[in-house]
Amino acid sequence: MSPPESAGRRIPFWAAAVACGAAIGLGGFTFHYADGTSYLSSKSESCANCHVMQGHYDAWVKSSHGRFAVCNDCHAPDDFVGKWYCKSRNGFFHSLAFTTQRFDEPIRIVDYNRGVVEANCRRCHADFVHPIDLATPIDRAHPVDPGSTSISETGDREDFSADVTDSETVGCIRCHGGVGHPVR
């Protein structure tokens, strides 16, 4: 029995070259259209390339952090590998979300990025935070109840129980969530 006629058929080289060229061209156009190279810098203006971030950027410019920190100082790890992992991870998921239009508006921070921000708060403000952590672990008589909420600076109800870390300290952004860019 002989194999089907299409089993030995190969894609012609020119067709593969056209398909690869089209993919590279489309990817390059999309990268250029989205101003992709701007994300390789540490310029905070690039964070406002997407309309959903414009309010956050405008609020950051007016905030106390706007004079002393760029977006990467809070939203990317301090080490080289961590920073580029975070930027590539966020770039992929942000482009996916914006391309498919599957994102919350107002935009909300995910757990991974919440951890990055928390670590950077503690790193920059270590002189203040470390003594507080040593002196005031979570009050066991009045613990943060799972699911407890409060009204944030943006008027949204926020679940504070997620801000309690394994080391039993209270998360910075539990109380100071709007410090960097309070959007009203």
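What you are looking at is a predicted structure, and each value in this text was computed from that prediction instead of being measured.

### Overview of the packing of aromatic side chains
The description of two aromatic rings rests on the distance between their centres and on the angle between their planes.
Okay, step 1: Applying the stated criterion across every chain, the model contains five aromatic pairs.
Okay, step 2: Here the aromatic rings of Phe-29 and Tyr-33 are separated by 5.9 Å at their centres, their planes lie at 20°, and the arrangement is stacked. Taken together, the residues span about one helical turn, with Phe-29 and Tyr-33 both in helix 1 (residues 13-33) at a distance of four residues. Each of the two residues, Phe-29 as well as Tyr-33, counts as exposed.
Okay, step 3: When the ring centre of Tyr-112 is taken as origin, the NZ or CZ atom of Arg-89, which lies over that ring, is 4.1 Å away.

### Some points on the confidence of the model for the protein chain
Okay, step 1: Taken as a whole, the protein chain shows an average pLDDT of 78; of its residues, 75% reach a score of 70 or greater.
Okay, step 2: Of all helices and strands in the protein chain, the one with the weakest mean pLDDT is strand 1 (residues 149-151) (38), whereas helix 3 (residues 71-75) scores best (93).
Okay, step 3: For residues 139-167, every residue scores under 50 in pLDDT, and the model assigns this stretch 40 contacts once sequence neighbours within four places are set aside.

### Observations concerning a nonpolar patch on the surface
Okay, step 1: Taken together, Phe-31, Leu-40, Phe-80, Val-81 and Trp-84 make up a surface patch of nonpolar side chains, about 560 Å² in accessible area.
Okay, step 2: Per-element accounting of the nonpolar patch gives the leading share, three residues, to helix 4 (residues 80-100).
Okay, step 3: Along the polypeptide, Val-81 turns up in helix 4.
Okay, step 4: Classification of Val-81 by relative accessible area gives exposed; the value is 62%.

Cut-offs and rules
- Residues numbered from 1 in each chain as written.
- Predicted model: local features only at pLDDT ≥ 70, side-chain atom pairs only at ≥ 80, totals over all residues.
- Heavy atoms only, no water.
- Phe/Tyr/Trp six-rings, centres within 6.5 Å; stacked < 30°, edge-to-face > 60°.
- Helix = DSSP H or I, 4+ residues; strand = E, 2+ residues; numbered from the N terminus.
- Buried < 20%, exposed > 50% of the residue type's maximum accessible area, 1.4 Å probe, protein only.
- Lys NZ or Arg CZ within 6 Å of the ring centre and 35° of its normal.
- pLDDT = per-residue confidence, 0-100.
- Contact = heavy atoms within 4.5 Å.
- Patch = residues over 30% accessible without salt bridge, like charges linked within 9 Å, V, L, I, M, F, W, Y side chains within 5 Å.
- Areas by Shrake-Rupley, 256 points an atom, 1.4 Å probe, with all protein chains shown as cover.
- Salt bridge = Lys/Arg side-chain N within 4 Å of Asp/Glu carboxyl O.

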